[in-house]
Amino acid sequence: MAEKKYTEHLGLTQQSEEDFVDGEEISRSFKVLDQEVFSIREKTNNLKNEDHYYSNDYYTFPEKINSITYGEGKYVAAGEYNIYSSIDKRSWNISDSRSGISAAFGNGKYMAVVFYSGYYSLLTSPDGTGWTEIQILEDGVQSTRRINEIAYEDGKFVIIGDGGKIYTSDGTQITVQNSNTSVDIKSIAYGNGIFLAVGYKSTTSVLLKSVDAVTWEQIPLSLQFARNPYDKITFGNGVFVIKDSRRVYTTTDGIDLAAWSTPKPPTNGEICFADDKFFLSCKSGNFISKNGTEWIDIAKEFAGKISAIKYIKDEILGTTDTNKLIGVSKYTIDGIREDVDKLNSALDNIATEVKTVNNTFGYGTFSNGYVSIGKTVCVSFQVLLATNIAAGKVLCSGLPKPLSELAIINVYDSSASTYSRAKVTYDGAVYVETTHNSGASLLINGSYVAK
């Protein structure tokens, strides 16, 4: 029976339907389970509290994904050839057939950078499904200059690209901003009340700063920082973290720039801030850091580079080199302890009782009772019927209404030593309905779930 399946590993003895009838085994099941949960809690007390990671597979795209965003119950992915949308990460539909570069959500709107017929433009959508194009113009002509990223920060969309191009948008129109540089801008982030944007072209680096994404200043870089190929920037825990192909850099305001090494070079990597830590995924491995200066290699738990990473709804979403969408989640020993404590509390609050009802009804006698476990009532009973019983309904007063009609009732003919099946029905009262005709007494053993 089902109950045995879930309790036999705890050392319980129930073996048949009869063991379940009076509810004693259920009561003991919960007592033993409660003891085992307590034992698990004790075993975790001496374990070191560290972050651990695991991944879930969701979907395999037919193409490379460059960016993922989420808003108002819908995911949008910018793919190499198409824009996709999904409500559950497991099933995706193509919503636009233009090459996606980057996507973002903010102020009730989705926006995506796309490349089509040799031109870069923006798409805007209220639902991630129907898209409207916003052309990017240069001197009145549609732009062929590469756009690298779009982000929604501090109440506005900010778009950056090659040639020092910066645009802002409210989701309906686009405005060109002056960056005061012609160096390609690769990535942008917002924190501590400022925007920082990074980029490079050939052997020239650029670090830009703005309080409103409209007026920009170029931060002077010393020789140590002036020739680095900065390609990603993110913000968290009060600090910006920048990366290139060799190392990472931290700053709080763009001025106090400092360089740090990772266990392996972050070549071809991506970085995001997830919950309370920075997550860096690159060709050489995966690393985490609380402050951007000290990095821990987590390749033993989670190996393989993931791209287009984004922290969404308590997990890091990204795609593997085979275009598989995965979600990376964190757990800690303290988290396990909390879950065990919650289970312990739930077990303590479960009301387990055996209600005994003895009634004389119909043609026979009903005995035993039913067990109430929390909000779920599991009814088990026996009915002994007198001889010469015709097929039909037998009234069982005192029993609760069944959740549904279930043909799970055993009818035993003592004269023929045979079994047949019956079902529990409800018509203002509970009935055992049987098609069995007997010249001898019938013993009915039944169990069902009640409302």
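Calculation rules
- Residues numbered from 1 in each chain as written.
- Predicted model: local features only at pLDDT ≥ 70, side-chain atom pairs only at ≥ 80, totals over all residues.
- Heavy atoms only, no water.
- Helix = DSSP H or I, 4+ residues; strand = E, 2+ residues; numbered from the N terminus.
- Buried < 20%, exposed > 50% of the residue type's maximum accessible area, 1.4 Å probe, protein only.
- Contact = heavy atoms within 4.5 Å.
- Areas by Shrake-Rupley, 256 points an atom, 1.4 Å probe, with all protein chains shown as cover.
- Phe/Tyr/Trp six-rings, centres within 6.5 Å; stacked < 30°, edge-to-face > 60°.
- Lys NZ or Arg CZ within 6 Å of the ring centre and 35° of its normal.
- Salt bridge = Lys/Arg side-chain N within 4 Å of Asp/Glu carboxyl O.
- Pairing = 2+ DSSP bridges.
- Polar contact = N/O pair within 3.5 Å; in protein donor to acceptor, adjacent residues only side chain to side chain.
- pLDDT = per-residue confidence, 0-100.
- Patch = residues over 30% accessible without salt bridge, like charges linked within 9 Å, V, L, I, M, F, W, Y side chains within 5 Å.
- 1 Å grid on protein atoms, 1.4 Å probe; cavity = no way out; pocket = protein on both sides within 12 Å on 5 of 7 lines; lining within 4 Å.
- Points joined across faces, edges and corners; volume = space filled by probe spheres on them.
- Nonpolar A, V, L, I, M, F, W, Y, C, P; charged D, E, K, R; others polar.
- Axes fitted to C-alpha atoms, helices over the stretch in contact; angles between N-to-C directions.

**Some points on the overall build of the chain**
Phase 1: Helix and strand counts for the chain come out as three helices and 39 strands.
Phase 2: With 451 residues in all, the chain has 48% of them scored as buried.
Phase 3: Within the chain, residue pairs in contact and separated by at least 24 positions form 47% of the contacts whose partners lie at least 6 positions apart.
Phase 4: Accessible area of the chain: about 21500 Å², with a carbon and sulfur share of 48%.

**Focus: the packing of aromatic side chains**
Phase 1: The final tally for this structure, using the stated rule, is 15 aromatic pairs.
Phase 2: Both rings, one in Tyr-59 and one in Phe-61, keep their centres 4.9 Å apart while their planes meet at 75°; by these two values the pair is edge-to-face.
Phase 3: Its relative accessible area of 3% is what places Phe-61 among the buried residues.
Phase 4: Connected via pairs of aromatic rings, a cluster forms that spans Tyr-59, Phe-61, Tyr-70, Tyr-75, Tyr-84 and Trp-92.
Phase 5: One Lys or Arg, Lys-186, reaches over the ring of Tyr-200 and ends 5.2 Å from the middle of that ring.

**Some details on the pattern of salt bridges**
Phase 1: Taken as a whole and assessed by the stated rule, the structure comprises 12 salt bridges.
Phase 2: We note a salt bridge from Glu-138 to Lys-165, for which the minimum N-O separation is 3.9 Å. Pair noted here: Glu-138 is in strand E10 (residues 137-138) and Lys-165 is in the loop between strand E13 (156-161) and strand E14 (166-169), with a separation of 27 residues, a long-range link.
Phase 3: Via salt bridges that share partners, Asp-275, Asp-276, Lys-277, Lys-290 and Lys-330 belong to a single interconnected network.

**Observations regarding the sheet that holds strand E26 (residues 285-289)**
Phase 1: Reading across from one edge, E24-E25-E26-E27 is the order of the four strands in this open sheet, with antiparallel pairing throughout. Strands at the two margins of the open sheet, each flanked by one partner only, are strand E24 (270-274) and strand E27 (296-297).
Phase 2: Looking at chain direction, strand E25 (residues 277-282) and E26 are connected through five bridges and run antiparallel. Counterpart to Leu-280 in the pairing with E26 is Phe-287.

**Things to note about the side chain of Ser-205**
Phase 1: Here Ser-205 lies in strand E18 (residues 204-210).
Phase 2: For Ser-205, a relative accessible area of 6% corresponds to the buried category.
Phase 3: Only 2.5 Å separates the side chain of Ser-205 from the backbone oxygen of Asn-228, close enough to count as a polar contact.

**Some thoughts on the confidence of the model for the chain**
Phase 1: Residues with a pLDDT of 70 or more make up 67% of the chain, whose mean pLDDT is 80.
Phase 2: Low pLDDT, under 50, characterises residues 1-23; the stretch is placed with 39 contacts to residues that sit more than four places away or in other chains.
Phase 3: Considering only residues more than four positions removed or in separate chains, one finds that residues 351-375, a stretch of pLDDT under 50, has 71 contacts.

**Focus: unusual backbone geometry**
Phase 1: In this structure, Ser-117 is a non-glycine residue whose phi angle is positive, near 55°.
Phase 2: When you line up the elements, Ser-117 lands in the loop between strand E7 (109-116) and strand E8 (119-125).
Phase 3: In this structure Ser-117 comes out as exposed when scored by relative accessible area, which is 55%.

**So, a nonpolar patch on the surface**
Phase 1: A contiguous nonpolar surface patch, about 250 Å² in accessible area, is contributed by Tyr-54, Tyr-331 and Ile-336.
Phase 2: Considering the arrangement of structural elements, one finds Tyr-331 in strand E30 (residues 324-332).
Phase 3: Owing to a relative accessible area of 33%, Tyr-331 belongs among the partly exposed residues under this scheme.

**Some words on the side chain of Lys-277**
Phase 1: Take Lys-277: it is sitting in strand E25.
Phase 2: For Lys-277, a relative accessible area of 16% puts it in the buried group.
Phase 3: Leave out the neighbours within four places in its chain, and Lys-277 touches Asp-51, Tyr-53, Cys-272, Ile-288, Ser-289 and Lys-290.

**Regarding the environment of Phe-278**
Phase 1: As for its placement among the helices and strands, Phe-278 is situated in strand E25.
Phase 2: Residues Phe-278 and Gly-236, 42 residues apart in the sequence, show an inter-C-alpha distance of 7.3 Å.

**A closer look at the layout of surface pockets**
Phase 1: Considering only enclosed or pocket space, the largest pocket measures out at about 1400 Å³ in volume.
Phase 2: Of the residues assigned to the lining of the largest pocket, the class counts are 22 nonpolar, 14 polar and 11 charged.

**Comments concerning the sheet that holds E14**
Phase 1: Here four strands make up an open sheet; going across it, the order is E12-E13-E14-E15 and the pairing antiparallel. Only two strands of the sheet have a single neighbouring strand rather than two, namely strand E12 (147-153) and strand E15 (174-177). Ignoring which end each strand starts from, the neighbouring axes of this sheet average 25° apart.
Phase 2: One ladder, built from four bridges, connects E14 with E15; its direction is antiparallel. Paired with Tyr-167 across the strands is Val-176, a residue of E15.

**Re the pairing of strand E3 (residues 74-79)**
Phase 1: Judged by how many residues are buried, E3 sits mostly within the fold: six of six residues are covered.
Phase 2: What you see with E3 is no split at all: Lys-74, Val-76 and Ala-78 on one side and Tyr-75, Ala-77 and Gly-79 on the other are buried throughout.
Phase 3: Where strand E2 (residues 65-71) meets E3, six bridges bridge the pair, whose relative direction is antiparallel. Bridged to Ile-68 within E3 is Ala-77.
Phase 4: Counting the residues between successive antiparallel strands, the hairpin from E2 to E3 contains two residues, one of them, Glu-72, with a positive phi of roughly 50°.
Phase 5: Judged from the four bridges that link them, E3 and strand E4 (residues 83-86) form a sheet pairing that is antiparallel. Paired with Tyr-75 across the bridge in E4 is Ser-86.
Phase 6: Where E3 hands over to E4, the hairpin turn is made up of three residues, counted between the paired strands.

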